[in-house]
Amino acid sequence: MERDLRALARAREWYGPHSSTAEDWSPDALLRAKGTTTVSVVLPARNEESTVGDIITVIRRELVERTPLVDEILVVDSNCTDATAAKAAAAGARVVAQDAVLPHLPPLTGKGEALWKGLAASHGDIVVFVDSDLRDFGAHFVTGLLGPLLTDPRIHFVKGAYERPLIGEDGIARRGDGGRVTELVARPLINLFWPELAGFHQPLGGEYAARRDVLAQVPFVTEYGVEFGMLVDLLDLVGLDAMAQVDLGTRTHSHQSTTALGRMAGQITLTAWSRLERQGRVLSSGPPSRTLLQFGIDGRPDLVDVSVAERPPLASLLLEEDVA
Ligand SMILES: O=c1ccn([C@@H]2O[C@H](COP(=O)(O)OP(=O)(O)O)[C@@H](O)[C@H]2O)c(=O)[nH]1
Ligand SMILES: O=C(O)[C@@H](COP(=O)(O)O)O[C@H]1O[C@H](CO)[C@@H](O)[C@H](O)[C@H]1O
């Protein structure tokens, strides 16, 4: 109890000095602070043809042409079966196929694989990750995330914070109802086991930025375990004071079904379990199951695989290759 109170006090103490808003970071001031630091925006995309082009157009117009803060826009084509790649290229992004990056490695799947391949295929000193399904994207998403990284060498990772309405099938936005897996799974797990991280408003949010040399030192959990695993691993690696968050306003995106989020919840739970084991905080007599029995509306049972894998820190791979 004492430890948890201390940890939550730590989270509260961290929150003030390490939280800002996108408005605090003007593009012109950031351009002055940028110097020779290079910036890559990496967008993981799985069948996002209806939104990816607009996001890239805003980044290119505002942050490449108007204020040259961004040096590279990379879309990772995550086994798309629609026109995502063509739309992204037409809007001015470089596009790489997920499985074409480091092709000598057996391909893995999911968002975490797309992000790790995006890190490997990009070049910026700072990498900004932005989801490709955002529906109200603004350039402030990127400038807000860059702010602390371009102005404070002590900060190595910045997470977006935002209000997340749930857009219903009727098209009506229900304030505060988005981020369902965050509220039902991730936030409770973080508060129970990593309360130092409790100050992060949106631990699963898909918009965040970090220094390349830090991202290259953490593993990337595949599928939808990537954000949860990264927060816990970065807390270990760089410590809470090297992490910050920026309020980006409101974030709306394409929503998955409850069934799909059930699978996501399973992946995140397995990720949390793996970190508890790795940190020696649980002793296990055997691995947890990696399957989830779900039931369709008609009650039909459906056994799904919620296993996650893990890519090693990129730096370790490049070191091996150098040695090889
Ligand atoms: O195998 C995958 C799954 C997702 N994504 C991308 O990762 C981002 C977040 O995924 P999604 O929207 O499915 O998650 P949600 O926001 O609904 O939790 C989006 O840009 C997806 O296109 C990806 O690149 N590969
Ligand atoms: O935050 C969440 O609960 C989920 C689902 O959000 P919604 O309930 O569809 O608004 O969305 C996030 O989770 C994924 C897993 O970490 C991330 O990859 C997504 O980028 C993020 O949108």
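No experiment lies behind these values; they were computed from the predicted model shown. (Residues numbered from 1 in each chain as written. Chains lettered and ligands numbered in written order. Predicted model: local features only at pLDDT ≥ 70, side-chain atom pairs only at ≥ 80, totals over all residues. Heavy atoms only, no water.)

### Points about the environment of Tyr15
- Secondary-structure assignment places Tyr15 in helix α1 (residues 2-15).
- Overall, the relative accessible area of 41% leaves Tyr15 in the partly exposed class.
- Each C-alpha atom, one on Tyr15 and one on His201, is 9.8 Å from the other, the two residues being 186 residues apart in sequence.
- Apart from residues lying up to four places away in sequence, Tyr15 is in contact with Gly199 and Gln245. (Helix = DSSP H or I, 4+ residues; strand = E, 2+ residues; numbered from the N terminus. Buried < 20%, exposed > 50% of the residue type's maximum accessible area, 1.4 Å probe, protein only. Contact = heavy atoms within 4.5 Å.)

### Points about a nonpolar patch on the surface
- Taken together, the side chains of Leu293, Phe295 and Leu303 make up a nonpolar region of the molecular surface, amounting to roughly 340 Å² of accessible area.
- Position of Leu293 relative to the elements: it lies in strand β12 (residues 291-295). (Patch = residues over 30% accessible without salt bridge, like charges linked within 9 Å, V, L, I, M, F, W, Y side chains within 5 Å. Areas by Shrake-Rupley, 256 points an atom, 1.4 Å probe, with all protein chains shown as cover. Salt bridge = Lys/Arg side-chain N within 4 Å of Asp/Glu carboxyl O.)

### Quick look at the pattern of salt bridges
- Under the criterion given, the structure shown has 20 salt bridges.
- Here Glu113 ties to Lys117 by a salt bridge, and the two come within 3.0 Å at their closest N and O atoms. In this pair, Glu113 and Lys117 are both assigned in helix α5 (residues 110-121), four residues apart and thus about one turn of the helix distant. In terms of burial, Glu113 and Lys117 fall into one category: buried.
- Of the charged contacts in the structure, one is a salt bridge between Glu207 and Arg251, with a shortest N-O distance of 2.7 Å. With Glu207 in the loop between α7 (180-193) and β9 (208-211) and Arg251 in the loop between β11 (243-250) and α10 (258-278), this residue pair connects regions lying 44 residues apart in the sequence.
- Where salt bridges share partners, they join Lys111, Asp131, Glu207, Glu227 and Arg251 into one cluster.

### Quick notes on the side chain of Asp133
- Note that Asp133 resides in the loop between β5 (126-129) and α6 (140-151).
- Non-local contacts of Asp133, meaning those with residues more than four positions away in its chain, are made with Glu48, Thr51, Ile55, Thr252, His253 and Ser254.

### Some words on the confidence of the model for the chain
- Of the residues in the chain, 99% reach a pLDDT of 70 or more, and the chain-wide mean stands at 96.
- For this predicted complex, the interface confidence score (ipTM) comes to 0.98, while the overall pTM stands at 0.97. (pLDDT = per-residue confidence, 0-100.)

### Considerations on the packing of α7 against α10
- Axis separation between α7 and α10 bottoms out at 9 Å; the angle between their running directions is 15 degrees. One way to sum up the angle between α7 and α10 is to call them roughly parallel. In this structure, the crossing between α7 and α10 has a hand that is right-handed. Packed against α7, whose contacting residues are Arg180, Val181, Val185, Leu189 and Phe193, the element α10 presents Thr258, Leu261, Met264, Ala265, Ile268, Thr269, Ala272 and Leu276 at the interface.
- Its residues assigned to classes, the contact of α7 with α10 shows ten nonpolar, two polar and one charged. (Axes fitted to C-alpha atoms, helices over the stretch in contact; angles between N-to-C directions. Parallel < 35°, antiparallel > 145°, perpendicular 65-115°, else oblique. Left-handed = near helix turned anticlockwise from the far one by under 90°. Nonpolar A, V, L, I, M, F, W, Y, C, P; charged D, E, K, R; others polar.)

### Some details on α5
- In this model, α5 (twelve residues) spans 17 Å end to end at C-alpha, consistent with the 16 Å of a helix rising 1.5 Å per residue.
- Buried residues of α5: Gly110, Lys111, Gly112, Glu113, Ala114, Leu115, Trp116, Lys117, Gly118, Leu119 and Ala121, and no others. (Expected span 1.5 Å × (residues − 1).)

### Quick look at the sheet that holds strand β4 (residues 94-97)
- Judged by pairing direction, the sheet is mixed, and its eight strands sit side by side in the order β1-β11-β6-β9-β5-β2-β3-β4 without closing on themselves. Each edge of the open sheet carries a strand with a single partner, namely β1 (19-21) and β4. Strand-to-strand twist in this sheet, taken as the mean axis angle between neighbours without regard to direction, amounts to 25 degrees.
- In this sheet, strand β3 (residues 72-77) lies alongside strand β2 (residues 39-45) in parallel orientation, the contact comprising six bridges. Looking at the pairing, Leu43 lines up with Val75 of β3.
- Against the sheet, α6 touches β1, β2, β5, β6 (157-163), β9 and β11, its axis set at about 160 degrees to β11. (Pairing = 2+ DSSP bridges.)

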